[in-house]
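Observations on chain architecture
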Amino acid sequence: MSIIEQADRRLWRRGFIHAPLRRAVRNLFFFSLLLAAAGTVLLPWRAEFFWAGIMSLLSFWNFYTLALFIQQALPLSIPGEDKNGASRARIVKKGLLIRSQLRLFITGFFVYIALVFFQANPIALAVGLSSALIIIPVSLISRG
């Protein structure tokens with residue numbers, strides 16, 4: 001069994017039942033892991049790759065937790081007693097807002113630590129954080 005199949009099986013067990021979303025999470029994870037590993041190897045010469053890899057892993061974590069919450073929070077069908085879905089929508093919005101704000105705070109904290117204490121290159125941090133903006137659409141558009 002290949003590593004891609006193992007990752008897909010693990011993501012399936014974690015709750016990623018929709019194949020396109022599972023593929024996007026898997027591709028972002030492998031890209032982030034590869035960038036972080038390359039950055040760790042190149043750390044003595046170029047710290048920018050290391051920081052891009054770390055921020056890419058943080059971007060993966062953000063997307064992973066958001067996608068997992070949305071899949072678990074949204075029902076496949078609206079319950080019969082809630083005709084318009086208003087009560088379910090309120091619960092989902094509150095949970096999503098709290099989780100998003102918490103993730104934003106944690107991400108901001110790590111970016112602050114990287115910038116102030118480690119003098120990381122801001123462009124490398126931005127490249128790592130924006131890796132999801134390239135990987136996710138490419139994964140969702142492609143069928144492989």
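Above this note sits the structure.
What you see is a predicted model, and the numbers here were worked out from it, not measured in a lab.

Definitions and limits used
Residues numbered from 1 in each chain as written. Predicted model: local features only at pLDDT ≥ 70, side-chain atom pairs only at ≥ 80, totals over all residues. Heavy atoms only, no water. Helix = DSSP H or I, 4+ residues; strand = E, 2+ residues; numbered from the N terminus. Buried < 20%, exposed > 50% of the residue type's maximum accessible area, 1.4 Å probe, protein only. Contact = heavy atoms within 4.5 Å. Areas by Shrake-Rupley, 256 points an atom, 1.4 Å probe, with all protein chains shown as cover. 1 Å grid on protein atoms, 1.4 Å probe; cavity = no way out; pocket = protein on both sides within 12 Å on 5 of 7 lines; lining within 4 Å. Points joined across faces, edges and corners; volume = space filled by probe spheres on them.

Describing the overall build of the chain
Helices and strands together make up the secondary structure of the chain, namely six helices and zero strands. Evaluated residue by residue, the chain yields a buried proportion of 34% over its 144 residues. Excluding contacts between residues fewer than 6 apart, the proportion of contacts in the chain whose partners are at least 24 apart in sequence is 69%. As displayed, the chain has an accessible area near 9600 Å², and 70% of this comes from carbon and sulfur atoms.

Details of the layout of surface pockets
If you add up the space inside the largest pocket, you get close to 200 Å³. Around the largest pocket, the lining residues are Ile3, Gln6, Ala7, Arg10, Leu11, Arg14, Arg26, Phe29, Phe30, Phe60 and Tyr64. Sorting the residues of the lining of the largest pocket by element identifies α1 (3–14), α2 (19–41) and α3 (47–73) as the ones contributing at least two each. If one sorts the elements of the lining of the largest pocket by residue count, α1 sits on top with six residues.

The values reported here are purely geometric and, on their own, carry no functional implication.
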